[in-house]
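So the chains spell out like this:
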Amino acid sequence: MKILTHKTLLAGTGLLALLALGGSAEAAGAKLPANCSEAKPTIGVALPNTVNPYYIAMQDSFKKHGEELGYSVNVAIANDNDSNQLSQIEAFIQQGVCAVALNAVNSGPGAASVRALNDAGIPVFTVNVIVSPDDLKAQGASYVQYVGADQVAGGTQMGEQLLKDAGADAKIVAGIIGDPDQIPTNQRDKGFSDAISKDANAKVVQTVNGKVDPNVSLQVGGDMLQGHPDMNVLFADTGPGAVGALQAVQQQGKADSVKIYAFCAADTAVAGNYMACAAQEPADYARIVLDNLKKYLGGADVPHEVLQPLKVFTTGQKPGPGEVG
Amino acid sequence: MSPTEKAQEDRHATAAPVAVRRRRVPDEAGIFAVLVAVIITLSFLSPSFRTVSNGFVLLVNGSVIMFLALGQAFVLLTGGIDLSTGANIGMTGVIAALLMQLGLPWPIAALLAVAVGTLLGFINGVLVNFLRIPPFIATFSTQGVALAVPLIITGAQSISVHEIGFRWIGQGKVIGVPTPVVLVAVAAVIAALFLRMTRLGVHIYALGGNKAAARLSGVNVARTTLFVYSVSGFCAGMGGLIATSRLMVGFPATGTGNELFYSIAAAVVGGVSLFGGVGTVLGAMIGAVLIAVVSNGMNVVNVQSYWQSLVIGVIILLGVTFDTYRRSQQNRAVARRSAATPFVPATPAGQSAGPLSTTVPGDHAKPGRSA
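Quick notes on the rules
Residues numbered from 1 in each chain as written. Chains lettered and ligands numbered in written order. Predicted model: local features only at pLDDT ≥ 70, side-chain atom pairs only at ≥ 80, totals over all residues. Helix = DSSP H or I, 4+ residues; strand = E, 2+ residues; numbered from the N terminus. Rg over C-alpha atoms; globule rule 2.2 N^0.38 Å. Buried ≥ 20, exposed ≤ 12 C-beta atoms within 10 Å, placed from the backbone. Contact = placed C-beta atoms within 7 Å. Nonpolar A, V, L, I, M, F, W, Y, C, P; charged D, E, K, R; others polar. Pairing = 2+ DSSP bridges. Right-handed = clockwise from strand over helix to strand, strands pointing away. Axes fitted to C-alpha atoms, helices over the stretch in contact; angles between N-to-C directions. Parallel < 35°, antiparallel > 145°, perpendicular 65-115°, else oblique. Left-handed = near helix turned anticlockwise from the far one by under 90°. Expected span 1.5 Å × (residues − 1). Core = buried A, V, L, I, M, F, W, Y, C linked by C-beta atoms within 7 Å. Domains from an automatic or database assignment. pLDDT = per-residue confidence, 0-100.

Here we come to the overall build of chain A. The helix and strand tally for chain A stands at 10 helices and 12 strands. For a compact globule of 325 residues, the expected C-alpha radius of gyration is about 20 Å, and chain A comes in at 21 Å, within 12% of that figure. The principal-axis extent of the C-alpha atoms belonging to chain A is close to 65 × 35 × 30 Å. Put simply, chain A has 325 residues, and 54% of those count as buried. By sequence separation, contacts in chain A at least 24 residues apart represent 73% of the contacts at least 6 residues apart.

So this is what it looks like as structure tokens:
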């Protein structure tokens, strides 16, 4: 291991506050936890849940790729509860892990986990959910790197695809099946809304909360279609939401009049009125995190932010395993 | 007939037979008035709300909660509670999907899945009755089991259903009415008749009214307890089939949202006491329809999602308050009447005399109501 090849600096809060101000990835100078020098360092991975196929793909990739790189990977599942996640992070600290990959349950509360790890001198890589910069600043906390999808771009790509399919001045009455409680989904919605606003005849008339659950999405999507008989486009900003949207349209016999754009439903071919979808590649994000982690432990600098573009699927294509919204 | 009237008539059809032959104003009149008021308000707010197609959409969306509320009513009537029903939806749904993937024809897969749901209820009954675990803890624990089973057997992946016939349960129609609505209506009618007309039905009320007295009067407590929890498990299994059939995907996390608490709220709003012995199937069904109407209505009239749980909370509170007030007025009237005619034995006086007199559905003591 080459971890001693760079200068060791004081660990602790003073340094971390400095890093927060710097906001860069110069953290490679920090002293690493003792565990990193062992033959098989332990990496803690904190994930929100294993109900969404998205996180399963990510978890599998962390384990598989971690093994390949010679790490022992411990996964903690927070069951979508921020305080659960914080206690799991505390447990990682007690175990004295070498580094932590954090997929925060929620953007704001995630800062507390980052701060706790900072205090323990354990490097934090954040993935998928970006931890709120304001909260990080307020708590004087910082992470080494964020890896995730470019959420806004994903929404924009779907909006642009819609205008391409329907025509630049088509009359579009769109409804969004989203999750207004989450930042990433709101970013997707914004990308979509902004993209279609280029068409003066297009507007988003309603956003309902599908709670990233196909059943809820089916119900609220059906309600929304009832409320707007003239609606001709649904944008579902998550994979489970897309499953619900497809069923809602089909069950109301509106397959001819309502087109669906979405973040990809798992294992579903894009066909018929399901016009296009954007997929994230959670397995890739996990791999990128681990690769960068290895570089960082080796003393190299890594970029503070890695934003991956989304993969777009159109009619006739089918997202592969692990490519989901 | 306007579409609204038709939709309302469908709702009446759900449980109408329960309301027959009452001397006084039925207990459910209060909550029914609230339901009608909400429907009228929403109809004014949006022309889209008062269409037949929307009536069906909201009833289909509410059918799972109606099934759960129906099963929950049985358990609540005995003074118990079943917290495992929401998780049971996900478990039975995934099991049905898995069995079909294994090549079983859909009717058999559906029956087996509902049997598993009923079995979970039966186990709840065993825990509550024989191991004497408080229902809250017993069913909370089995909820954990029911949540985990589908995740363990599927690895959290959703299971697609390819048996086209299975669609009928959640997406089919019977004489123009969506199948889930027909299923829940038939179940509610059977349940209501059962509670009114059979000995076991009377025993259920007796058990909730006063367990010790019921036992001394010869009620088979074990059989009754096992029965009500099994009914609740059965109803959750039906909910699982409907949810899975609507999506044609067995999704492990189905039913882990608001379903459980909405179903308990539906029963309680409809006048089923959390302490047992009091309430009717009709009331629980009206409560469930009220929740379905509000959930649907808010999306149809475009209420922002942040406000929705607040509105549902307030409407549940208003419904219960209105109902409690109406009952207290009624009790006062009864009390006045008994005071005015002291020599005529009034019903309430007779109620306190013997434990079993509180047990006849539809004829139980109004002053004793704690709702």
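Listed as interface residues are 25 residues of chain A and, on the opposing side, 26 residues of chain B. Of all the secondary structure elements, the ones that give two or more residues to the side of chain A that touches chain B are helix 2 (53-69), strand 7 (202-209), helix 8 (214-227) and helix 9 (239-251) of chain A. Sort the elements by how many residues they give to the side of chain A that touches chain B and helix 8 of chain A lands first, with 11 residues. In the side of chain A that touches chain B, the residues fall into 12 nonpolar, 10 polar and three charged.

Before going further, it helps to examine the pairing of strand 7 of chain A. Look at any regular strand and the pattern is simple: side chains alternate between the two faces of the sheet. Residue and element names in this part refer to chain A. With seven bridges joining them, strand 6 (residues 172-178) and strand 7 adopt parallel strand pairing. Its bridge partner being in strand 7, Gly178 is matched across the sheet by Asn209. With respect to chirality, the unit in which strand 6 leads through helix 7 (residues 183-196) into the neighbouring parallel strand 7 is right-handed.

All names here are of chain B. At a minimum axis distance of 6 Å, the contact between helix 12 (residues 259-269) and helix 13 (residues 281-300) shows a crossing angle of 125°. If you check the angle between helix 12 and helix 13, you find them oblique. As for the relative orientation of helix 12 and helix 13, their crossing is right-handed in sense. Between helix 12 and helix 13, the contacting residues are Tyr262, Ala265, Ala266, Ala267 and Val269 on the first element and Ala284, Gly287, Ala288, Leu290 and Ile291 on the second. Its residues assigned to classes, the contact of helix 12 with helix 13 shows nine nonpolar, one polar and no charged.

All names here are of chain A. Read from one edge of the open sheet, six strands run 7-6-8-9-10-12, paired in mixed fashion. What marks the edges here is a single partner per strand, and that holds for strand 7 and strand 12 (311-314). Here the average twist between neighbouring strands, direction ignored, is 15°. Two strands pair when backbone bridges link them, and strand 9 (residues 259-263) and strand 10 (residues 274-279) are joined in this way by four bridges, in the parallel orientation. Pairing of Tyr261 across the sheet is with Ala276, part of strand 10. Helix 6 (residues 151-166) contacts strand 6, strand 8 (233-236), strand 9, strand 10 and strand 12 of the sheet and is inclined by roughly 160° relative to strand 10. The sheet contacts of helix 9 involve strand 6, strand 8, strand 9 and strand 10, and relative to strand 9 the element is tilted by about 165°.

Residue and element names in this part refer to chain A. One can find Gly316 in the segment after strand 12. On the basis of neighbour counts, which here come to 8 C-beta atoms within 10 Å, the residue Gly316 falls in the exposed class. Note: C-alpha distance between Gly316 and Gly272 (44 residues apart in sequence) is 8.9 Å. Among residues more than four places away in sequence, those in contact with Gly316 are Val270 and Ala271.

All names here are of chain A. Along the chain, Ile196 turns up in helix 7. We classify Ile196 as buried; it has 26 C-beta atoms within 10 Å. In the structure, Ile196 is positioned 35 residues away from Gln161 in sequence and 9.4 Å away in space, judged by C-alpha atoms. Leave out the neighbours within four places in its chain, and Ile196 touches Gly159, Leu162, Leu163, Ile172, Ala174 and Ala202.

Once that is clear, we can look at helix 8 of chain A. Compared with an ideal rise of 1.5 Å per residue, which puts 14 residues at 20 Å, helix 8 of chain A spans 20 Å between its outermost C-alpha atoms and is within 8% of the ideal. Of all 14 residues in helix 8 of chain A, 14 are buried, a share of seventy percent or more.

Moving on to the nonpolar core. A general tendency of soluble globular proteins is for nonpolar side chains to be buried together. Residues Val100(A), Ile260(A), Ala262(A) and Leu70(B) are the most contacted members of the largest nonpolar core, which totals 207 residues. Per-element accounting of this core gives the leading share, 17 residues, to helix 3 (residues 52-77) of chain B. Setting aside residues up to four positions removed in sequence, Leu70(B) forms contacts with Ala187(B), Ala188(B), Ala191(B), Cys235(B), Val281(B) and Ala284(B).

What follows covers the domain arrangement of chain A. Domain boundaries in chain A define domain 1 (3-143) and domain 2 (151-279). Split by residue class, the side of domain 1 of chain A that touches domain 2 of chain A holds three nonpolar, two polar and no charged.

Now for the pairing of strand 6 of chain A. Residue and element names in this part refer to chain A. Burial analysis of strand 6 places six of its seven residues in the buried class, which makes it a mostly covered element. Across four bridges, the pairing between strand 6 and strand 8 is parallel. Bridge assignment links Gly175 to a residue of strand 8, and that residue is Leu234.

Here the focus is unusual backbone geometry. For Asp80(A), which is not glycine, the phi torsion reads 60° and is therefore positive. You can see Asp80(A) is positioned in the loop between strand 2 (72-77) and helix 3 (82-95).

This paragraph deals with the environment of Gly276(B). Residue and element names in this part refer to chain B. Note on placement: Gly276 falls in the loop between helix 12 and helix 13. Taking C-alpha positions, Gly276 is 9.3 Å from Phe74, a pair spaced 202 residues apart along the chain. Leave out the neighbours within four places in its chain, and Gly276 touches Leu76, Leu77, Thr78, Gly79, Gly208 and Gly209.

Turning our eyes to something else, we now look at the confidence of the model for chain A. Across chain A, the average pLDDT comes to 88, with 91% of residues at 70 or higher. For the stretch residues 1-29 of chain A, pLDDT sits under 50, and the model shows 50 contacts to residues farther than four places along the chain or on other chains.

Looking now at the sheet that holds strand 5 (residues 145-149) of chain A. All names here are of chain A. Pairing in this open sheet of six strands is parallel, and the strands run 2-1-3-4-5-11 from one edge to the other. Looking at strand neighbours, the two that pair on one side only are strand 2 and strand 11 (305-308), the edges of this open sheet. Across the sheet, the mean angle from the axis of one strand to that of its neighbour is 15°, orientation sign disregarded. One ladder, built from four bridges, connects strand 1 (residues 42-47) with strand 3 (residues 99-102); its direction is parallel. Of the residues in strand 3, the one forming a bridge with Gly44 is Val100.

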